[in-house]
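# Observations on chain architecture
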Amino acid sequence: MDKMPVRERAAYVMGIVEGLAYARFRKDTLAAGEKDEAGMKCIYDWFYKDTTASFDRIEATFRQYAEHFPSTLLAAMIKKECGE
């Protein structure tokens, strides 16, 4: 992540968040048998409600656990906040 320019890093993180939000929507919808956006909304709120704070929190986690992939760390952070 340190080698990636800030703009690219932001787009990369946002792409992971979008992918995880959509995957959650698909999983919840299949489980419920009907459209279920609650988990996806939780993820969007967690990230987009205050993107500056979100990026600060994410970057700190990336630095603390540099040996792990960004997608793994984001998935764990989202799971902690929004469940599975």
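Everything numeric here is computed off the predicted structure, so don't read it as measured data.

What follows deals with the state of the cysteines. Under the definition given, this model contains one disulfide. Note on cysteine connectivity: C42 is disulfide-linked to C82, with sulfurs 2.1 Å apart. Between C42 and C82, the S-S torsion sits near -85°, and that sign places the bridge as left-handed. Of the two residues, C42 is situated in helix α2 (residues 38-48) and C82 in helix α4 (residues 70-82); the sequence distance between them amounts to 40 residues. According to the relative accessible area criterion, C42 is partly exposed, its value standing at 26%.

Let us look at the side chain of S54. Examined against the element boundaries, S54 turns out to sit in helix α3 (residues 51-64). Residue class for S54 comes out buried when judged on its relative accessible area of 1%. Within the structure, S54 has its side chain in polar contact with the backbone oxygen of F47 (distance 2.8 Å). Residue contacts for S54: discarding those within four places in its chain leaves W46 and F47.

Further remarks concern the pattern of salt bridges. Note on pairing: side chains with opposite charge can pair once their charged atoms come close. Here the structure, examined in full by the defined rule, presents six salt bridges. One salt bridge in this structure joins K41 and D45, with 2.7 Å as the shortest N-O distance. Taken together, the positions of K41 and D45, both in helix α2 and four residues apart, correspond to about one turn of that helix. Owing to a relative accessible area of 29%, D45 belongs among the partly exposed residues under this scheme. Between K79 and E84 there is a salt bridge, with its nearest N and O atoms 3.1 Å apart. A network of salt bridges, in which partner residues are shared, links R9, E59 and R63.

What follows concerns the nonpolar core. Grouped together as the largest cluster of nonpolar side chains are 17 residues, with contacts concentrated most on V13, I43, W46, F47, I58, F62 and L74. Not counting residues within four places of it along the chain, the set of residues in contact with F47 comprises V13, M14, V17, S54, F55 and I58.

What counts as what
Residues numbered from 1 in each chain as written. Predicted model: local features only at pLDDT ≥ 70, side-chain atom pairs only at ≥ 80, totals over all residues. Heavy atoms only, no water. Disulfide = S-S within 2.5 Å. Helix = DSSP H or I, 4+ residues; strand = E, 2+ residues; numbered from the N terminus. Buried < 20%, exposed > 50% of the residue type's maximum accessible area, 1.4 Å probe, protein only. Polar contact = N/O pair within 3.5 Å; in protein donor to acceptor, adjacent residues only side chain to side chain. Contact = heavy atoms within 4.5 Å. Salt bridge = Lys/Arg side-chain N within 4 Å of Asp/Glu carboxyl O. Core = buried A, V, L, I, M, F, W, Y, C linked by side-chain atoms within 4.5 Å.

The analysis is restricted to geometry; functional conclusions fall outside its scope.
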